[in-house]
Every structure is written in C-alpha cells, then in structure tokens.
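Summary of the model geometry
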Amino acid sequence: MANLRAIRKRIGSVKSTQQITKAMKMVSAAKLRRAQDAIVAARPYARKMREVVQAVAARAGADAHPLLSAREGKKLALLVVTSDRGLCGSFNAGLTRAAYRFINEHRDRYEEISLFVVGRKGRDFFRRREVTFRKEYIGVLGAVSRHHAETIGNDLAAGFLSEEFDEVQIVFNEFRSAISQVIRFEKLFPFALETAGDSKAGGSDVDYLYEPGQKEILASLLPKYVETQIFRVLLESVAGEHGARMTAMDSATNNSVDMIARLTLQMNRARQAAITTELSEIVSGAEALKG
C-alpha cells in the first residue's frame, strides 16, 4: 500500500505540472502572435533603411562618416542577445554555446573581445565561465522599445568612435517560425561599403541631388540605422523566445500525458497485486479454520 500511495502522489504531482505547462503554452502562444506581428512589421522598414544607407554611403565614400571607416580589426565588440527567462528549450543554450565557441576560436585573430550581453541567461552563462563582459542589459526583452535599442546602439557606437574597438558584431536567434530559430552573426559596423558598391553596380546608375549634403544626411541616417537594426534584432529574439517556449511547453504537456498513462497502468497493477495478495490471505485463513 505504501508503494500505491507513492504512485498516486506522483500522478497528482505530474497532473499539477501538466496544468502549469498547458497554461504557459497558452500564454506563450498569445505573446507569440503579437511578437510575430511586430517583427513582420519591422523587417521591411529595417531592410529599406539598410538599402537607403547603402545607396548614400556608396556614393559618399568611407570618409563621409566615422562609422564607415574600415580599420584593421584588432578589437571586437560582440553583442549577445539572450532572454531573461528559461523554460524555452535550447533557445538560450544553443546561442550562448555558439557565442562562447566563437570567442574561443577567434582569440588569436583579435587582441581583445569586449562582450555586451542582453538577458539574464547570457549573463549567468558567461559569469559561470568567468568570462568578463563590458556591459549587461537586463529586463530589455520583457518590453522591447526603441529606447532600449537606442541605448545599446549608443554604447556600441561610442566605443567604436572612440576606437575602443574596431568592429561590432551581433549574435542572436533569428525568428523563422514557432518551431525554428536560427543563430545568426551579423556585423553592425563598420558599414559594409563593398555591399553598397555591388548594389550600386547591379542596380540603377542614377545619382541624386542631396540637400543639405551627403555627409549631413549620413550623420542623421546612420544613428537611426544602428537603432533600427538593433531594434529588429531584439524583436527577432522576442519572437523566437516565445516560439521556443510554446514548443517546449507543448512537448512537456505531451510528455506528461504519456507519463500519467504509464503511472496509471503501474498503479492499477500494484492495486491488483494488493487485492490478489489479500484474497490469497483470506483463502488461506479460511482453509486454516476448516482444518
């Protein structure tokens, strides 16, 4: 009977967990819809912003703005975008392992790698491995705003302009679908003028008149470009996190159903064994009385 009580207690515990995973799946599904709408709306603007900056920068040249100046990449700033909460499968683990592997593989290429971390999960991962990071941003993905993107962009741009680092890259989970997030490394700056040149060569040869001028327009556009790209990355990460959590909670709910079925079968067998034992004892007692 003690074994039977333990099985019943475990079934009750699994059912309680199942209710939690069901609720978390529903919450993540609702949040995913909003996050997916946000990233779908943000991508065309970010893409068009990149095209405009490429077109102007390709004609203005590398001397038009400090963010366009290419240097010998000896110092790297790496922005790692993770989430603040867990229970989302391998969403954070895969990303942090990829970033950690990248750092170890490129130690010989760069004299110094400055780490900027978004999210508690990334911060805790690198802290456990005693990897120092330049700055952390906690609580950003809970309510992503342009202000967050502007703050992060200003920190990265200030370090680049002051020559504290020569290159800035971002590693994040790009949202593809609720069940698919792809780890991406993107260079933020220096801006890839060669891409702009290729685009110009393959596109229209028409030039434009600029008012007040190319340099002034770039000075206004580039900070907005940096902010827009970081904002898009944050939205990609938010949508990916909710998709990964919804998938993980759905899998956990299905596993709990299977576990309850197995435990129920085990409980029934234990109960039948107990009944058989009691019947055997009753029959034995009756035979003993007859004797």
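In the block above lies the structure referred to throughout.
Residues numbered from 1 in each chain as written. Predicted model: local features only at pLDDT ≥ 70, side-chain atom pairs only at ≥ 80, totals over all residues. Heavy atoms only, no water.

1. Notes on the nonpolar core
Among the nonpolar cores identified, the biggest contains 47 residues, and Val118, Leu156, Phe189, Ile230 and Leu234 are the most heavily contacted of them. Elements supplying a minimum of two residues to this core: helix 1 (2-60), strand 1 (75-81), strand 2 (112-118), helix 4 (146-161), strand 4 (167-177), strand 5 (180-189) and helix 6 (214-290). No other element matches helix 6, which puts 14 residues into this core. Counting residues in hydrophobic clusters, the runner-up holds 14 residues, among them Phe102, Tyr110, Leu115 and Phe125. (Core = buried A, V, L, I, M, F, W, Y, C linked by side-chain atoms within 4.5 Å. Buried < 20%, exposed > 50% of the residue type's maximum accessible area, 1.4 Å probe, protein only. Helix = DSSP H or I, 4+ residues; strand = E, 2+ residues; numbered from the N terminus.)

2. Thoughts on the side chain of His242
Inspection of the secondary structure puts His242 in helix 6. For His242, the contacting residues outside a window of four places in its chain are Ser28, Lys31, Leu32 and Ala35. (Contact = heavy atoms within 4.5 Å.)

3. Looking at helix 4
Residues three or four positions apart in an α-helix share a direction because the helix packs 3.6 residues into each turn. Look at helix 4: 22 Å from first C-alpha to last across 16 residues, which is about the 22 Å you get at 1.5 Å a residue. Ala149, Ile152, Gly153, Leu156, Ala157, Gly159 and Phe160 are the residues of helix 4 that are buried. Buried residues of helix 4, viewed axially, fall in a sector of 160°; they line one side. Of the residues one or two after helix 4, Glu163 is the one with positive phi, at around 60°. (Expected span 1.5 Å × (residues − 1). Arc of directions from axis to C-beta.)

4. Digging into the packing of aromatic side chains
Aromatic ring pairs: the centre-centre distance and the angle between the two ring planes describe each pair. In total, this model carries 5 aromatic pairs according to the counting rule given. Plain terms: the ring middles of Phe116 and Phe165 are 6.0 Å apart, the flat faces sit at 85° to each other, and that makes the pair edge-to-face. Pair noted here: Phe116 is in strand 2 and Phe165 is in the loop between helix 4 and strand 4, with a separation of 49 residues, a long-range link. Overall, Phe116 belongs to the buried group, its relative accessible area being 3%. The buried category is assigned to Phe165, whose relative accessible area is 0%. The structure contains a cluster of three or more aromatic residues connected by ring pairs, namely Tyr100, Phe125 and Phe126. Sitting over the ring of Tyr100, Arg129 keeps its end group 6.0 Å from the ring centre. (Phe/Tyr/Trp six-rings, centres within 6.5 Å; stacked < 30°, edge-to-face > 60°. Lys NZ or Arg CZ within 6 Å of the ring centre and 35° of its normal.)

5. Overview of the sheet that holds strand 4
One open sheet holds the 5 strands; their spatial order is 3-2-1-4-5, and the pairing between them is mixed. The open sheet terminates on both sides in strands that have one partner only, identified here as strand 3 (135-137) and strand 5. For this sheet, the mean angle separating the axes of adjacent strands, direction not counted, is 20°. By the bridge criterion, 5 bridges tie strand 1 to strand 4 in an arrangement that is parallel. Within the sheet, the bridge partner assigned to Leu76 lies in strand 4 and is Glu167. Contacting strand 1, strand 2, strand 4 and strand 5, helix 6 runs over the sheet at an angle of about 40° to strand 4. (Pairing = 2+ DSSP bridges. Axes fitted to C-alpha atoms, helices over the stretch in contact; angles between N-to-C directions.)

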